[in-house]
Every structure is written in structure tokens, then in C-alpha cells.
Amino acid sequence: MWTDRELHELELLTVTRLVGLKHTAPAPIATPAAENVVVAPPPAAPAVPVPSAPAMPSADCASLGWQALREVVRDCRRCRLGESRKQAVFGVGAESAPWLFVGEGPGAEEDAQGEPFVGPAGKLLDGMLAAIKLARGKDAYITNVVKCRPPGNRVPQADEAAACAGYLDRQIELLKPRLIVALGKTAALRLTGEEGSLASQRGRRFTYRGVPLVVTYHPAYLLRNLPDKAKAWEDLLFARRVFSEPVAVVQAQLS
Ligand code: SF4
Ligand code: URA
């Protein structure tokens, strides 16, 4: 567990105290309006419309288990990112973790170490997880929309996200998370299929392939925009509420 000092360094102590997380029930946050409850397309539909994409059909890896999938990703050259990466970054966490966090793509440190979110943004993500009592490698699985580093940390292009889509989809099938948290715009677009701003997607409950999905800011964005950390905190509390909702609610919304 994180000490107060560590939370302070992560600038999360104030917010955890503000909402009384450490001592009392979380502060109430706005209930999403009924019209904001969005059910994502059924499983067969592609999440991102990608005109020029040599989209990898999920069927390509639909029968693979974790180890085989990891090996396919390790050797993958389906898109140009495979040419410039040092190594593919598959994901980290328990293969039965109930929470799935999806970022954009590996950065330089992730490319060098082979693990997602190990740079400064990763430190903040770990703090965010700890603040809602989750731990990397235990309750949370962490991966990215694209498994290989885009050169210069540019945003992955639509055809790259599409080429990599089958891998994330298979990870979701194998993991069977109870909740997916999309970190930032790239993951939000990939998983909601909506082009809208992140601000318009926060606080809404989506589903992706039958799994509840919420959206929040990317930790790297939060490092540059400290005032928005309080909003990310609200998002995490909302995520925790969606995570705790009875399975019956999820089933009713899908039927
Ligand atoms: Fe393959 Fe995905 Fe890497 Fe592209 S980003 S080479 S599709 S693993
Ligand atoms: N940013 C991401 O989106 N993913 C990582 O793994 C690291 C930084």
C-alpha cells in the first residue's frame, strides 16, 4: 500500500483526503443521465472504422491462449510499428485480473523494458491504481491499443490500431475483465468507436464486447495538466461504482 508521502508525491493525497477515501465512503458523484448509458456495438462490429486498414480479423488469433498469443505478438510485423520497435509490449498483470486498463502505445522506456507504463506516466498510473486500492500485476491488467512503440511517441495511426485490434480483443476474451478503463483519447476512440472529445465521454458507462467500459484521461496528459487530476479522480470513483454494479444490471442492458 502507498504511504501518505508517496501519495503526496503523486499529488493524490489531497484528493484522497478530499473525498475521504481513506476513512469514509467515497463522495457521491454525478449519476450518468439515462441517455448517457451507451451500449457499444455487438461483438462482431469493428470498434474503429478504419478505411485503409488491413484490419486483422479477430479470428486470426481467436483460438490462441495467453502464451501463444504472446509469442505471435512478439514476432508480429503486421504494421509499420513492427519495423521500428525494440520489442513488442504485450501487457502486464494477472491473467484473471478483473480490471483492464488500456493505454495508447508504448513509449521509449516501455519499448526498452518490454512492460507497459513504466515511465513517468506509469508512476502516476500506479498511484491512481493504489488510490482505488488496486495493484499492477494483481487486480489490474495493463496493456495498450498498439503493442509497439510509435516512433517519436506519435499517436498511433488508425491503420496501426486496426492491425493490432485482434490482439487486444483476444486479450479481453481471455482476461474476461469485469471493467475496462480506457486511458486517453486513443483508447477511448478504439473502444467506444466515438470520435467525440474525452470530456464528452467521461462519466458515461459504455460497454465493449459485453464488458462495462469507462473513459478517463491518460496519465501522461495529467502530468501536463495537473488541475485535471481531480477530474481523473472523479472518473476513478465512477469506475469503481460501475465495477461494483450487480451483474444483473449489465445483463439487462445487453438484452
Ligand atoms: Fe503487430 Fe501491433 Fe506491433 Fe503493429 S503494433 S507490428 S500490429 S504487434
Ligand atoms: N503511455 C501509454 O499509453 N502506454 C504506455 O505503456 C506508456 C505510456
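Look up: the structure comes first, before these words.
From a predicted model like this one, the values you see are computed outputs, not experimental measurements.

Hey, could you run me through the site of ligand 1 in this one?
Around ligand 1 lies a shell of 14 residues, among which Cys 76, Cys 79, Gly 82, Cys 148 and Cys 164 are the nearest. Secondary structure elements with two or more residues in the shell around ligand 1: helix 4 (81-84) and helix 7 (158-175).

Which parts of the structure should I look at to understand the sheet that holds strand 1 (residues 99-103)?
Each strand in a sheet pairs with its neighbour through backbone hydrogen bonds, running either in the same direction (parallel) or in the opposite one (antiparallel). Across the sheet, which stays open at both edges, the five strands sit in the order 2-1-3-5-4 with mixed pairing between neighbours. Lying at the two open borders of the sheet, with one neighbouring strand each, are strand 2 (140-144) and strand 4 (206-208). If you compare each strand with its neighbour and ignore which way they point, the axes differ by 30° on average. Relative to strand 3 (residues 179-183), helix 8 (residues 185-192) is tilted by about 135°, and along the sheet it contacts strand 1, strand 3, strand 4 and strand 5 (211-216).

Any chance you could explain the nonpolar core here in plain terms?
Most often, soluble globular proteins keep nonpolar side chains buried together rather than apart. Counting residues in hydrophobic clusters, the biggest one holds 61 residues, and the most contacted among them are Leu 100, Val 102, Cys 164, Ile 180, Val 181 and Ala 182. Top contributing element to this core by residue count: helix 7, with nine residues. Excluding residues that lie within four positions of it along the chain, Leu 100 makes contacts with Tyr 141, Ile 172, Leu 175, Pro 177 and Ile 180.

Sorry, what's going on with the site of ligand 2 here?
The environment of ligand 2 is formed by Gly 103, Glu 104, Gly 105, Pro 106, Gly 107, Glu 110, Pro 116, Phe 117, Ala 121, Asn 144 and Ala 220. In the shell around ligand 2, the residues fall into five nonpolar, four polar and two charged.

So what exactly am I meant to see when it comes to helix 7 here?
In an α-helix, one turn spans 3.6 residues, which is why side chains three or four residues apart end up on the same side. Taking 1.5 Å of rise per residue, 18 residues should cover 26 Å, and helix 7 covers 25 Å from first to last C-alpha, within 8% of that figure. In the structure, helix 7 departs most strongly from a straight axis at Cys 164, where the bend amounts to approximately 45°. Buried residues dominate helix 7, accounting for 14 of its 18 residues. Backbone geometry just downstream of helix 7 places Lys 176 in the positive-phi region, at approximately 50°.

Sorry, what's going on with the pairing of strand 5 here?
Strand residues, when the strand is regular, have side chains that alternate between the two faces of the sheet. For strand 5, the tally of buried residues reaches five of six residues, placing the bulk of the element in the interior. The pairing of strand 3 with strand 5 spans four bridges and is parallel. Looking across to strand 5, one finds that Leu 183 is bridged to Thr 216. Two elements, strand 4 and strand 5, share three bridges in a ladder whose sense is antiparallel. Looking across to strand 5, one finds that Tyr 208 is bridged to Val 211. Here strand 4 folds back onto strand 5, and the loop between the two strands holds two residues, one of which, Arg 209, carries a positive phi near 50°.

Cut-offs used in this document
- Residues numbered from 1 in each chain as written.
- Chains lettered and ligands numbered in written order.
- Predicted model: local features only at pLDDT ≥ 70, side-chain atom pairs only at ≥ 80, totals over all residues.
- Near = placed C-beta within 6 Å.
- Helix = DSSP H or I, 4+ residues; strand = E, 2+ residues; numbered from the N terminus.
- Pairing = 2+ DSSP bridges.
- Axes fitted to C-alpha atoms, helices over the stretch in contact; angles between N-to-C directions.
- Contact = placed C-beta atoms within 7 Å.
- Core = buried A, V, L, I, M, F, W, Y, C linked by C-beta atoms within 7 Å.
- Buried ≥ 20, exposed ≤ 12 C-beta atoms within 10 Å, placed from the backbone.
- Nonpolar A, V, L, I, M, F, W, Y, C, P; charged D, E, K, R; others polar.
- Expected span 1.5 Å × (residues − 1).
- Bend = angle between axes of the 7 residues up to and from the residue.

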